[in-house]
Amino acid sequence: MATQIFLNLPVKDLDKSVSFFTKLGYTFNPQFTDEKATCMIISDTIYVMLLTEPFFQTFTKKEIVNAHKAVECSICLSAESKNAVNEMIDKAEAAGATIPNPATDYGFMYQHSYEDLDGHHWEIAWMDPNGMPQQQG
C-alpha cells in the first residue's frame, strides 16, 4: 500500500512558482531542488514536485496540457475550517492566483478554488462528516 503521494506538475517558471507557493505558506525540500525541479511540502505524506516544462517532458511522450485552456485534474486539499479555506484563497489571490468560481457552501462541506500561475486548478475544502445529509433508503 502506498504511504505517500508525490504529485508532479509542469511549470513554466520555477522561480515564480516557488515564490507563489511560498506566499501561500508552503516550504520546499532543498534535497530535491535544483534549477529544473523542487519538492513542495504539503504535509509529511503529501508532496508536489514542481518541474520545469522541459524537464517534465522527459517523463512522457504526450503533450503537456496548457492548464490555462484545459483541465486534466483538480487538486483538492482539506482545510481545518471554513475560515481556513477562505484564508488560503485570500493568500492565493494576493500572490497572483485566478479565482475561477465563488465559494460553494453545502452546509456540511465548504469549498473554494484557485488557479495557480500555470493554470493548475486547486480546490480547498472543509467538511464535517457528522453534518452530511442522511441518505434515504
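In this report, we go over the structure that sits alongside the text. (Residues numbered from 1 in each chain as written. Predicted model: local features only at pLDDT ≥ 70, side-chain atom pairs only at ≥ 80, totals over all residues. Heavy atoms only, no water.)

## Examining the overall build of the protein
Item 1. Tallying secondary structure elements over the protein gives 3 helices and 8 strands in all.
Item 2. Each helix (α) and strand (β) of the protein, taken in turn from the N terminus, gives the series β-α-β-β-β-α-β-α-β-β-β.
Item 3. Projecting the C-alpha coordinates of the protein onto the three principal axes gives extents of approximately 50 × 40 × 30 Å.
Item 4. When the 137 residues of the protein are sorted by exposure, 35% land in the buried category.
Item 5. The contacts in the protein between residues at least 6 apart in sequence include a share of 52% that link residues at least 24 apart.
Item 6. Surface exposure of the protein reaches about 8,900 Å², of which carbon and sulfur atoms provide 53%.
Item 7. For the protein, the separation between the mean place of its 9 positive charges and that of its 18 negative charges on side chains is 7 Å. (Helix = DSSP H or I, 4+ residues; strand = E, 2+ residues; numbered from the N terminus. Buried < 20%, exposed > 50% of the residue type's maximum accessible area, 1.4 Å probe, protein only. Contact = heavy atoms within 4.5 Å. Areas by Shrake-Rupley, 256 points an atom, 1.4 Å probe, with all protein chains shown as cover. Lys, Arg positive; Asp, Glu negative; His and termini not counted. Charge placed at Lys NZ, Arg CZ, Asp CG, Glu CD.)

## Examining the side chain of Asp118
Item 1. Its location among the elements puts Asp118 in the loop between strand 7 (109-115) and strand 8 (121-127).
Item 2. At 2.9 Å, the side chain of Asp118 and the backbone nitrogen of Lys12 are in polar contact.
Item 3. Each residue touching Asp118, except ones within four places of it in the same chain, is listed here: Pro10, Val11, Lys12, Ser17, Ala67 and His68. (Polar contact = N/O pair within 3.5 Å; in protein donor to acceptor, adjacent residues only side chain to side chain.)

## What to know about the pairing of strand 7
Item 1. Relative to strand 7, strand 6 (residues 104-105) runs antiparallel, the two being bridged by 2 bridges. Note on strand 7: the bridge partner recorded for Thr104 is Gln111.
Item 2. Once strand 6 ends, the chain turns through 3 residues before running back antiparallel as strand 7, passing Gly107 with a positive phi of about 90 degrees.
Item 3. The antiparallel hairpin formed by strand 7 and strand 8 contains 5 residues in its connecting segment, where Gly119 sits at a positive phi of about 90 degrees. (Pairing = 2+ DSSP bridges.)

## Regarding helix 1 (residues 14-23)
For the α-helix, the turn length of 3.6 residues means that residues three or four positions removed from each other point alike.
Item 1. Taken together, the buried positions of helix 1 are Leu14, Ser17, Phe20 and Phe21. Along helix 1, the residues classed as buried sweep out an arc of 125 degrees about the axis, all on the same side. Turned more than 90 degrees away from the buried face of helix 1, the exposed residues are Asp15, Lys16 and Lys23.
Item 2. One side-chain oxygen at the N-terminal end of helix 1 lies 3.1 Å from the backbone nitrogen of Asp15; it belongs to Asp13.
Item 3. Following helix 1 by one or two positions, Gly25 has its phi on the positive side, about 105 degrees. (Arc of directions from axis to C-beta.)

## A short note on the sheet that holds strand 3 (residues 37-41)
Item 1. Across the sheet, 4 strands lie side by side as 1-4-3-2; this open sheet has mixed pairing. Either end of the sheet is taken by a strand with one partner, and the two such strands are strand 1 (5-11) and strand 2 (27-29). Between one strand and the next, the sheet's axes are offset by a mean angle of 35 degrees, whatever the strand orientation.
Item 2. The sheet contact formed by strand 2 and strand 3 spans 3 bridges and is antiparallel. Among the inter-strand pairings, Asn29 is bridged to a residue of strand 3, identified as Cys39. (Axes fitted to C-alpha atoms, helices over the stretch in contact; angles between N-to-C directions.)

## A word on empty space enclosed by the protein
Item 1. Throughout the structure, instances matching the rule amount to 1 cavity of 30 Å³ or more.
Item 2. Each pocket or cavity is described by its volume, and for the largest cavity that value is around 70 Å³.
Item 3. Lining the largest cavity, in full, are Pro10, Lys12, Glu53, Ile64, Val65, Asn66, Ala67, His68, Asp118 and His120.
Item 4. When the residues that make up the lining of the largest cavity are grouped by side-chain class, the tally is 4 nonpolar, 3 polar and 3 charged. (1 Å grid on protein atoms, 1.4 Å probe; cavity = no way out; pocket = protein on both sides within 12 Å on 5 of 7 lines; lining within 4 Å. Points joined across faces, edges and corners; volume = space filled by probe spheres on them. Nonpolar A, V, L, I, M, F, W, Y, C, P; charged D, E, K, R; others polar.)

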